[in-house]
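Each chain, letter by letter, is given below.
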Amino acid sequence: MELVDIHCHLDLPQFSRDLGEVVARCVEKGVVVVNNGIGFVSNRETLRLASEHSDVVRPALGFHPTEVVRKKLGEKQVLEEVSIQEVLLCLEHYLLLYLQN
Ligand SMILES: [Zn+2]
């Protein structure tokens, strides 16, 4: 049985030391994680992790509400940050997952 953790933040600095071990344990246990981006840098890193560890990490792009307030981001800025290309990249990851199963 495949387990899916739908809310992870493997891109955060807390995982920088042992990310390899975490990913290896996910592979061993058959766990797939949805990594949720929480800002500009986090979204880029989420896409990188999804490409680098495509057997384990699925991307979800977004913004943490406090970052939206702190940086006074408007709806237009948020939508511009997540480009069509990145949305298609996310969909591609999920399509591949669907096709593999
Ligand atoms: Zn979270």
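Residues numbered from 1 in each chain as written. Predicted model: local features only at pLDDT ≥ 70, side-chain atom pairs only at ≥ 80, totals over all residues.

(A) Focus on the overall build of the protein. Counting its regular elements, the protein contains five helices and three strands. In the protein, the succession of α and β elements from N to C terminus is β-α-β-α-β-α-α-α. Taking all 101 residues of the protein together, 23% fall into the buried category. Of the contacts formed within the protein by residues at least 6 apart in sequence, a portion of 72% connects residues at least 24 apart. (Helix = DSSP H or I, 4+ residues; strand = E, 2+ residues; numbered from the N terminus. Buried ≥ 20, exposed ≤ 12 C-beta atoms within 10 Å, placed from the backbone. Contact = placed C-beta atoms within 7 Å.)

(B) Spotlight on the nonpolar core. In terms of nonpolar packing, the biggest core is built from ten residues, these being C8, L10, V23, C26, V33, L47, L49, A50, V56 and V57. Of all the secondary-structure elements, those providing two or more residues to this core are α1 (19-29) and α2 (40-52). Sorting elements by how many residues they give to this core places α2 first, with three residues. (Core = buried A, V, L, I, M, F, W, Y, C linked by C-beta atoms within 7 Å.)

(C) Fine view of the sheet that holds strand β1 (residues 3-8). Spatially, three strands are ordered β1-β2-β3 in an open sheet, and the strand pairing comes out parallel. What marks the edges here is a single partner per strand, and that holds for β1 and β3 (57-60). Strand after strand, the sheet turns through a mean of 20° between neighbouring axes, direction not considered. Relative to strand β2 (residues 31-36), β1 is paired through four bridges, and the arrangement is parallel. In the sheet register, C8 faces β2, and the bridge partner there is N35. α2 contacts β2 and β3 of the sheet and is inclined by roughly 155° relative to β3. (Pairing = 2+ DSSP bridges. Axes fitted to C-alpha atoms, helices over the stretch in contact; angles between N-to-C directions.)

(D) Expanded view of α2. With 13 residues, α2 ought to run about 18 Å at 1.5 Å a step, and its terminal C-alpha atoms sit 19 Å apart, in line with that. Among the residues making up α2, those that are buried are S42, N43, T46, L47, L49 and A50. Buried residues of α2, viewed axially, fall in a sector of 160°; they line one side. Opposite the buried face of α2, at more than 90 degrees from it, the exposed residues are V41, S51 and E52. (Expected span 1.5 Å × (residues − 1). Arc of directions from axis to C-beta.)

(E) How the structure looks around the confidence of the model for the protein. Of the residues in the protein, 79% have a pLDDT of 70 or more, and the chain-wide mean is 84. At the low end of the mean pLDDT range in the protein sits helix α5 (residues 84-100), at 66; at the high end sits α1, at 96. (pLDDT = per-residue confidence, 0-100.)

(F) Expanded view of the environment of G20. Here G20 is to be found in helix α1. Residue G20 is classed as exposed on the basis of its C-beta count, with 10 C-beta atoms lying within 10 Å. The spatial distance from the C-alpha of G20 to the C-alpha of H53 is 9.7 Å, given a sequence separation of 33 residues.

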